[in-house]
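This is what each chain is made of:
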Amino acid sequence: MMLKDLRIAVLEANLELVKRGLVLYTFGNASGIDRERGLVVIKPSGVDYDELRPEHMVVTDLDGKIVDGDLRPSSDLDTHTLLYREFRSIGAVVHTHSEYATSFAQAGMAIPALGTTHADYFYGAVPVTEPLSDEACAGQYVHETGVAIVKRFREQGIDPMAVPGVLVAGHAPFCWGKNPDDAAHNAVVLEAVARMAYRTLTLKATSEGVSQALLDRHYFRKHGAKATYGQR
Ligand SMILES: O=C(CO)[C@@H](O)[C@H](O)COP(=O)(O)O
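Treat the numbers as computed from the prediction; the structure is a model and nothing was measured.

1. As for the site of the ligand
Neighbouring residues of the ligand: 13 residues in total, closest Ser 45, Ser 74, Ser 75, Asp 76 and His 171. Between the ligand and the protein, one listed contact pairs an oxygen atom with a backbone N or O atom of Ser 75 at 2.7 Å. For the ligand, whose free accessible area comes to 380 Å², the fraction covered by protein is 78%.

Right, dumping it as structure tokens:
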């Protein structure tokens, strides 16, 4: 079985989504990439998580062509492969329909950085894409989802490794990381900070963020590297 270790890591990331209550039934998906071989391992489409095994994972190239696997790859494959092509530093992608992050996505609202918990993981607001056009919705929706994500990060000058997640307007969140475990971890934290932001906004009815100094302190204390947000 090719890429056995990556298959197991992707399976474990998928199962973490279930364990943390981020997905129901067959919702959501996780993938990982072997950058040296240019191969992606992704969850098969529509398979119950309870039945998922490493041998069920589908291996594709970066254009989504199936290299190994008998099952259909996740219906979100084209979003995952586009993010791997455009965000060269990421090693895994996770998509969920987690409740609070999906609520922000459906409202077309970014998740503002309202506290240190957020700042520990996301260097600024978690952005939301533009709503996808009627043409995109009727056509290559999954590919256009990836296009909308990359467009948002490029136009706002956001480092994807400094903000490892996004809300797709009208849909739900995508997260990423250096490996499948990291991407799943970011998806769990994204849902937690979305829930806290929702409750904070309900209490305070304001979306002013933390000070830049607090954002810098907490983010750089954990991640060290200089990140960018909104800087050309
Ligand atoms: O976003 C969606 C559907 O809206 C998908 O992510 C499904 O939730 C999971 O599809 P498969 O990965 O099983 O094809």
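Still to come is the rest of the account.
2. As for the sheet that holds strand 4 (residues 66–68)
Pairing is antiparallel in the open sheet, where seven strands are placed in the order 4-3-2-1-5-7-6. Each edge of the sheet is formed by a strand with only one pairing partner; in this case those strands are strand 4 and strand 6 (165–167). The sheet shows a mean angle of 25° between the axes of neighbouring strands, taken without regard to direction. Pairing geometry for strand 1 (residues 29–34) and strand 5 (residues 92–95), over four bridges, is antiparallel. Pairing of Ala 30 across the sheet is with Val 94, part of strand 5. Packed onto the sheet, helix 1 (residues 4–19) meets strand 1, strand 2 (39–42), strand 3 (58–61), strand 4 and strand 5 and runs at close to 155° relative to strand 1.

3. Concerning the environment of Gly 157
Structurally, Gly 157 can be placed in the loop between helix 6 (141–156) and strand 6. Once the C-alpha coordinates of Gly 157 and Thr 117 are considered, the two residues, 40 residues apart in sequence, prove to be 23 Å apart.

4. Regarding the packing of aromatic side chains
In total, this model carries seven aromatic pairs according to the counting rule given. Each ring, one from Tyr 123 and one from Tyr 219, has its centre 5.2 Å from the other, and the planes form 50°; the classification is tilted. Taken as a pair, Tyr 123 in the loop between helix 4 (116–119) and helix 5 (134–138) and Tyr 219 in helix 8 (residues 212–223) lie far apart in primary sequence, 96 residues in all. Across the pair, Tyr 219 and Tyr 123 agree in class, each one buried. Aromatic pair Phe 153 and Trp 176: ring centres 5.4 Å apart, planes at 65°, arrangement edge-to-face. Placement of the pair is Phe 153 in helix 6 and Trp 176 in strand 7 (residues 173–177), with a sequence separation of 23 residues.

5. Topic: helix 8
Its twelve residues give helix 8 an end-to-end C-alpha distance of 16 Å, which sits within 8% of 16 Å, the value for a rise of 1.5 Å per residue. Buried residues of helix 8: Leu 215, His 218 and Tyr 219, and no others. Buried residues along helix 8 cover an arc of 90° about the axis, so they all sit on one side. When the buried face of helix 8 is taken as reference, the exposed residues oriented beyond 90 degrees from it are Ala 213 and Arg 221. Buried residues in helix 8 make contact with helix 4.

Quick notes on the rules
- Residues numbered from 1 in each chain as written.
- Predicted model: local features only at pLDDT ≥ 70, side-chain atom pairs only at ≥ 80, totals over all residues.
- Heavy atoms only, no water.
- Near = heavy atom within 4 Å.
- Polar contact = N/O pair within 3.5 Å; in protein donor to acceptor, adjacent residues only side chain to side chain.
- Areas by Shrake-Rupley, 256 points an atom, 1.4 Å probe, with all protein chains shown as cover.
- Pairing = 2+ DSSP bridges.
- Helix = DSSP H or I, 4+ residues; strand = E, 2+ residues; numbered from the N terminus.
- Axes fitted to C-alpha atoms, helices over the stretch in contact; angles between N-to-C directions.
- Contact = heavy atoms within 4.5 Å.
- Phe/Tyr/Trp six-rings, centres within 6.5 Å; stacked < 30°, edge-to-face > 60°.
- Buried < 20%, exposed > 50% of the residue type's maximum accessible area, 1.4 Å probe, protein only.
- Expected span 1.5 Å × (residues − 1).
- Arc of directions from axis to C-beta.

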